[in-house]
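Now for the letters of each chain:
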Amino acid sequence: MEEKIVCFESKILNRYVNKSIIFHDRQLWQDILNNLQHRPRAVIENDYRFKQLVVYSIIKSYDTYLTYKRTQKTGEKRLRKKYSLGVGGHVNIADRTQQTLFENYHVEDFIMQAVWREINEEIVIKSKIKSKPQLLCFINDDSDDVGKVHFGTIWLLHICSPEVSGRTSEGIGRLTFNDLKYLKTQKKFFEKWSQLMIDYFTAKEEESVSINRCFNKKRLNN
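Just so it is clear, the structure is predicted and the values come from calculations on it, not from any experiment. Per-chain numbering applies: the sequence of each chain, read as written, is numbered from 1 onward. Thresholds applied to this predicted model are a pLDDT of at least 70 for local features of residues and 80 or more for the giving and counting of side-chain atom pairs; totals over whole chains, interfaces and linings are not thresholded and use all residues. By convention in this description, side-chain values take in all heavy atoms of the structure and omit both hydrogens and water.

Looking now at the overall build of the chain. Put simply, DSSP H or I for four residues or longer makes a helix, DSSP E for two residues or longer makes a strand, and each gets a number counted from the N terminus. Looking only at helices and strands, the chain has six helices and twelve strands in total. A buried classification covers 47% of the 222 residues belonging to the chain. The contact criterion used throughout is that any non-hydrogen atoms of two residues lie within 4.5 Å. Counting contacts in the chain only where the partners sit at least 6 residues apart, residues at least 24 apart contribute 74% of the total. Each accessible area is a Shrake-Rupley result for a 1.4 Å probe, and residues are judged covered by the shown protein chains and nothing else. Split by element, the accessible area of the chain, about 12,300 Å² in all, is 48% carbon and sulfur. Only protein chains enter the accessibility calculation, which uses a 1.4 Å probe; a residue is then buried when its area is under 20% of its type maximum, exposed when over 50%, and partly exposed in between.

Quick look at the packing of aromatic side chains now. Any pair of Phe, Tyr and Trp rings, taking the six-membered ring for Trp, is counted once the centres come within 6.5 Å. Such a pair is stacked with planes under 30 degrees apart, edge-to-face with planes over 60 apart, and tilted for the rest. A complete count under the given rule lists ten aromatic pairs for this structure. Relative to Trp-193, the ring of Tyr-56 has its centre 5.4 Å away and its plane inclined at 80°; by these criteria the two rings are edge-to-face. Residue Tyr-56 is located in strand 4 (residues 50–61), and its partner Trp-193 is located in helix 6 (residues 192–221); the two are separated by 137 residues in the primary sequence. In this structure Tyr-56 comes out as buried when scored by relative accessible area, which is 3%. Here the aromatic cluster, defined as three or more aromatic residues joined through ring pairs, consists of Phe-8, Tyr-16, Phe-23, Trp-29, Phe-138 and Phe-151. Lysine NZ or arginine CZ positioned within 6 Å of the ring centre and within 35 degrees of the ring normal marks a charge as sitting over the ring. Of note, Lys-130 hangs over the ring of Tyr-62, and the distance from its end group to the ring centre comes to 4.2 Å. Between the NZ or CZ atom of Lys-148 and the centre of the ring of Tyr-48, over which it lies, the distance is 5.5 Å.

A few words on helix 1 (residues 26–34). Within helix 1, the full set of buried residues consists of Leu-28, Trp-29, Ile-32 and Leu-33. Across the axial projection of helix 1, the buried residues extend over an arc of 140°, all falling on one side. The inward-facing, buried residues of helix 1 contact strand 1 (4–9), strand 2 (20–23), strand 4, helix 3 (108–122), strand 9 (134–141) and strand 10 (150–158). What qualifies as a polar contact is a pair of N or O atoms within 3.5 Å, subject to a donor-acceptor requirement within protein and to the restriction that residues adjacent in sequence count only when both atoms come from side chains. For helix 1, the N-terminal capping position is held by Asp-25, with its side-chain oxygen 3.2 Å away from the main-chain nitrogen of Gln-27. Working definition: the arc comes from the directions between the helix axis and the C-beta atoms, pointing outward to the latter.

Nonpolar cores were defined as sets of buried Ala, Val, Leu, Ile, Met, Phe, Trp, Tyr and Cys residues, with membership established by side-chain atoms within 4.5 Å. Core analysis: the largest hydrophobic core is formed by 34 residues, its most contacted members being Phe-8, Ile-32, Leu-36, Leu-53, Ile-111, Ile-123 and Phe-151. Secondary-structure elements contributing two or more residues to this core are strand 1, helix 1, strand 4, strand 5 (64–70), helix 3, strand 10 and strand 12 (172–179). Beyond its immediate chain neighbours, meaning those up to four positions away, Ile-123 contacts Ile-59, Leu-66, Val-87, Val-164, Ser-165, Gly-166, Arg-167 and Leu-175.

This part covers helix 3. End to end, helix 3 covers 21 Å across 15 residues, agreeing with the expected 21 Å (1.5 Å per residue, within 8%). Residues of helix 3 that are buried: Phe-110, Ile-111, Met-112, Ala-114, Val-115, Arg-117, Glu-118, Ile-119 and Glu-122. Any helix carries an expected span of 1.5 Å times its number of residues minus one.

Turning our attention to a negative patch on the surface. Patch rule: a residue counts if its relative accessible area is over 30% and it has no salt bridge; like charges are joined within 9 Å, and nonpolar side chains (Val, Leu, Ile, Met, Phe, Trp, Tyr) within 5 Å. Salt bridges are defined by distance alone: a side-chain nitrogen of Lys or Arg within 4 Å of a carboxyl oxygen of Asp or Glu. Asp and Glu count as negative and Lys and Arg as positive, but His and the ends of the chain are not part of the count. For this purpose, a charge sits on NZ of Lys, CZ of Arg, CG of Asp or CD of Glu. Side chains of Asp-63, Asp-179, Glu-205 and Glu-206 sit close together on the surface and give a patch of like negative charge. With respect to the helices and strands, Glu-206 occurs in helix 6.

This paragraph deals with the side chain of Ser-10. As for its placement among the helices and strands, Ser-10 is situated in the loop between strand 1 and strand 2. Assessed through its relative accessible area of 17%, Ser-10 is described here as buried. A polar contact is formed between the side chain of Ser-10 and the backbone nitrogen of Phe-50, at a distance of 3.3 Å. Excluding anything up to four places from it in sequence, Ser-10 contacts Tyr-48, Arg-49, Phe-50 and Lys-51.

Looking at the secondary structure, you find Leu-66 in strand 5. Along the primary structure Leu-66 and Asp-179 are separated by 113 residues, whereas in three dimensions their C-alpha atoms are 9.1 Å apart. The residues contacting Leu-66, other than those within four sequence positions of it, are Ile-59, Ser-84, Leu-85, Val-87, Ile-123, Val-164, Leu-175, Thr-176 and Phe-177.

Once that is clear, we can look at unusual backbone geometry. Of note, Asn-18 is a non-glycine position whose phi angle comes to about 60°, a positive value. Among the structural elements, Asn-18 can be located in the loop between strand 1 and strand 2. Even without being glycine, Tyr-62 reaches a positive phi, approximately 55°. Locating Tyr-62 in the fold gives a position in the loop between strand 4 and strand 5. Judged by relative accessible area, Tyr-62 falls into the exposed class, the value being 55%.

Glancing now at the pattern of salt bridges. Overall, the coordinates contain eleven salt bridges when judged by the stated rule. Arg-41 is paired through a salt bridge with Glu-3; the nearest N and O atoms lie 3.3 Å apart. Of this pair, Arg-41 sits in helix 2 (residues 41–44) while Glu-3 sits in the segment before strand 1, and the two are 38 residues apart along the sequence. Among the salt bridges present, the one from Glu-118 reaches Arg-117, with a minimum N-O distance of 3.1 Å. One salt-bridge network, in which partners are shared between bridges, spans Glu-3, Arg-41 and Glu-45.

Next comes the structure, spelled out in structure tokens:
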């Protein structure tokens, strides 16, 4: 059966065209949700007029992140043998919550369903989960052929302990949990979106350290 995936016209991203950027734009997200459509994957796989909506979940246990190497069984051929920080894939019409696509007023509900479907298809979480996945940011990366036709919604899932196994049939290699310090040393081996997220988390960490230093300095001066 032909796979039909959720997408939107690339022109909606006119502010971010030809950029490699991580951002959060709530109004843009609403515009995307209001203009979703579905098309056969084979038809738009290399059609730059459309962006395919992708859910990309990052699994975190305290200060460590789940990482894995994609195998030859990975569906996206252009990402095979690369390391990844995210678990996910396309949103497709199987994720719809009503008989007619997108009639549900809470359109984000079926996207959350896609988040969980992709997680459950690719890995088995044996740990307790702290809370449901949270939408963290977006990735638009027009620097390569993969990024030009995909738009990433980045979700963060906190689990209580690093107890996860992979489903090898889905192209998931050996799983490990690594801290940010280690990820920075290995960044060149990761796929582009993961590299961008390593930079994102690094910037957030540095910002947090800077704020704490300023706070402690003010407290000492009082």
